[in-house]
Amino acid sequence: MLALSSANPAQAPVTRFSAETCCLSINQFHLAYAGKTALRDLTLDVPRHRVTAFIGPSGCGKSTLLRAINRLHDLNESVTHHGQIQLEDQDIHAPQMNVTELRRRVGMVFQTPNPFPMSIYENVAFGLRLQGRLPKRKRDDIIEWALTSAALWDEVKDRLHRSAWQLSGGQQQRLVIARTLAVQPDVLLLDEPASALDPISTLKIEELIRNLKSQLTLVLVTHNMQQAARVSDYTAFLQQGELVEYGPTDQVFTNPRLQRTENYITGRMT
Amino acid sequence: MRWSFRPSRISAMGSLLWPWLCAASVALSLLMLATLLTLLATRGLGHFWPAALEEATLHSGETVIGQPVRETPLPNTAGIERLYFTGNRDIDGASWRWVALDDIDTVAVPDDLIRLERSPWGDFIGRLEAVESEGQRFEDAAAWAFVARALTLPDSQRPNAQLQLTAANGHTITQPLSGVTLFQAPNAMSWGQKVVVWSERIWQFLSEGPRAANTGGGVWPAIFGTVLMVILMSVIVTPFGVLAAIYLNEIAHQNRLTRLVRIGVRNLAGVPSIVYGVFGLGVFVYGIGGSIDSWFFEDALPSPTFGTGGLLWASLTLALLTLPVVIVATEEGLARIPDAQREGAVALGATRLEMLTRVVLPMATPAMLTGVILAVARAAGEVAPLMLVGVAKLAPQMPVDGEFPYLHLERKFMHLGYHLFDTAFHGEDVQAAIPLVFATALLLVLIVLVLNLTAIFLRHYLRRQRGNEC
């Protein structure tokens, strides 16, 4: 377990990792939709090569935070924000930051599988083609690697050029993960990646998440407490746009510091 | 049982009644459509059938030779009269004759009656007595064989010959072979021969130019003009409409102004087409066309080159007319694409342009094609604005020929819809025009159908290729 320091356990926790282990650092981040506050002075660090879960009731801002890390809010003009998000010591909102490069480094998987209406091969190649031309051999290799990493290769290797929309929901979600992995991101953001899937597909996705953390840093948003407990190393509990508690998953689930956290985890929401 | 049990008898009646009402309205629409198509098909295609020629002897001793066309009740008195197409405008002064059925003594269908199509006098109906050619004289079967063989030759190789013809009541005339375009003895024909002649005449109708002030001959220039104009219109309207829809749906800020523009565009679709014609005449023809003439075609002035109605202006006017259709259809297609697709592309590092061109537009292609289909259907049937901006009763030259630059955008062109109008109301021989009007209408319907089917198959193919419905 990595070293955690918490300044004041009674207050909103300011959780810090040392620079070597910190991948994403969020500093007093504040975000509002059309003037309505969604995230309030959020501060937390996400450790490298670990799975960090954001949990909390609907509307608590966990998805909003995830999207902020990818700067997807740029598409919506009504969003205003201040504060800092640093990816490997670079401010992602800095003017010299290239947004498309940021999004390549920070991949995102959404709640409902969203493969493009193209072949399986072209779906995985999509991000690669945006990067520029690659020799076909090299591209084929990367695609095979990405699909293998997403535990999908064996299921689709004979039909790479069929439409991706013919895959099952679980396969589609793994395809989307493969598509994201193909551009070799540093961080993978997963926004309730299994909530639209059946239990078996869910287990496959969870196993995949555990396997992937050797390659990159994962941030998972989930409504499912068991899922967070099963796959994550660290858990952050958000409520009404504020960070309530953040710590190693074991500690948050078995011995939470705050009553609010315990109530939520045990299902006694007020 | 599709409906649920209700205690009240009235609501049970109602639940029985409303599906019935809906089904009845569908049936009624289908019935009307079927009637329309049947009417067009029978009246239009029947015209080309080599109908039997009758020789009717009246009580007065007079004979009438002709093709019976239809029968109607006599005005003011009891009884029925029959309309014969008698041809022979040079002899009788008219090609049609109404005969009361009560006046007819006997009707015969002799095999030796023939029908000639000739210029300048139109059809001849009667008997072929003999042919004189270069001192030789052929009679009866030999004469028929001579004429039939001569007509298979190209114009330049036909022998010099005089046909001696007898019309009803013993009128004899001499007709040079050079003026004859068709020789037919429908009464002597077998059913198979009639089918051959029928299809030949339909082919002539489709492939030849009009004759006799649009009351005879074919409609090929009109078909060509219609299709070319529609294609040009699609080429102009598609990029404009699609770009406008992309701007409205993907780029513009969604505020009150965008909504206003959208409402405006939708309402443009309801503006009467003649208004677009007036606009096209004022802006395209006189405004832009006039300026082009004064800049580039000064030598030809005062006779206008682009400053008069033409193919380009007609296509542009119709493109303007159908623009709202394309915009609305494309916009609806774009709106149906889930935001997850857009976010998925952006989250992979695509710029907005890459997202649009690689994900959004391919997904919206079927919707765009739907828009183009609707636009084509509307444009192909539009006549009113064309009358102002470039359609001609009889275009002397086709808009495409072997002369540089091959596609002549400034030329006037013929259009089936206008041809229909012109044949129906501006011809001299109303009776002859009626079947042509039906045939032209049928053709116009078929052309719109073919254009639509092409686009529908294209859309279907694109969807199949992607393995989805959207």
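Going by an unreviewed UniProt entry, chain B carries the name Phosphate transport system permease protein PstA and comes from Vreelandella aquamarina. Regarding chain B, the relevant UniProt record gives this comment under Sequence similarities (unreviewed entry): "Belongs to the binding-protein-dependent transport system permease family. CysTW subfamily."

By the naming in an unreviewed UniProt entry, chain A goes by Phosphate ABC transporter ATP-binding protein, PhoT family and is assigned to Vreelandella aquamarina.

Next up on the list: the sheet that holds strand β5 (residues 51–55) of chain A. All names here are of chain A. Read across the open sheet, the six strands follow the order β8-β9-β10-β5-β11-β12; overall the sheet is mixed. Two strands lie at the open edges of the sheet, namely β8 (106–109) and β12 (242–248), each paired on one side alone. If you compare each strand with its neighbour and ignore which way they point, the axes differ by 15° on average. Here four bridges tie β5 to strand β10 (residues 217–221), and the two strands are oriented parallel to one another. Considered in β10, the bridge of Thr 52 is made with Val 219. Against the sheet, helix α1 (residues 62–69) contacts β5, β8, β9 (187–191), β10 and β11 (234–239), and its axis sits at roughly 150° relative to β9. In this fold helix α6 (residues 169–182) packs onto β8 and β9, with an angle of close to 170° to the strand it touches most, β8.

The biggest cluster of nonpolar side chains holds 62 residues, and the ones touching the most others in it are Leu44(A), Phe54(A) and Phe126(A). The element best represented in this core is helix α10 (residues 352–380) of chain B, accounting for seven residues. By size, the runner-up hydrophobic cluster in this structure holds 36 residues, among which are Tyr121(A), Ile177(A), Ile209(A) and Leu218(A).

Right, let's get into helix α6 (residues 256–268) of chain B. All names here are of chain B. Helix length check: α6 (13 residues) gives 18 Å between terminal C-alpha atoms against 18 Å at 1.5 Å per residue, within 8%. Looking only at α6, the buried set comprises Thr 258, Arg 262 and Val 265. The buried residues of α6 occupy an angular sector of 65° when the element is viewed end-on, so they sit on one face. In α6, the exposed residues that point more than 90 degrees away from the buried face are Arg 256, Leu 257, Leu 260 and Asn 267. In the core, the buried residues of α6 are packed alongside α5 (220–251) and α8 (311–336). Between the side-chain oxygen of the N-cap and the backbone nitrogen of Leu 257 there are 3.2 Å, and the N-cap of α6 in question is Asn 255.

Each value, and the rule that gives it
- Residues numbered from 1 in each chain as written.
- Chains lettered and ligands numbered in written order.
- Predicted model: local features only at pLDDT ≥ 70, side-chain atom pairs only at ≥ 80, totals over all residues.
- Heavy atoms only, no water.
- UniProt positions renumbered as here; feature names shortened; annotations may be inferred.
- Pairing = 2+ DSSP bridges.
- Helix = DSSP H or I, 4+ residues; strand = E, 2+ residues; numbered from the N terminus.
- Axes fitted to C-alpha atoms, helices over the stretch in contact; angles between N-to-C directions.
- Contact = heavy atoms within 4.5 Å.
- Core = buried A, V, L, I, M, F, W, Y, C linked by side-chain atoms within 4.5 Å.
- Buried < 20%, exposed > 50% of the residue type's maximum accessible area, 1.4 Å probe, protein only.
- Expected span 1.5 Å × (residues − 1).
- Arc of directions from axis to C-beta.
- Polar contact = N/O pair within 3.5 Å; in protein donor to acceptor, adjacent residues only side chain to side chain.

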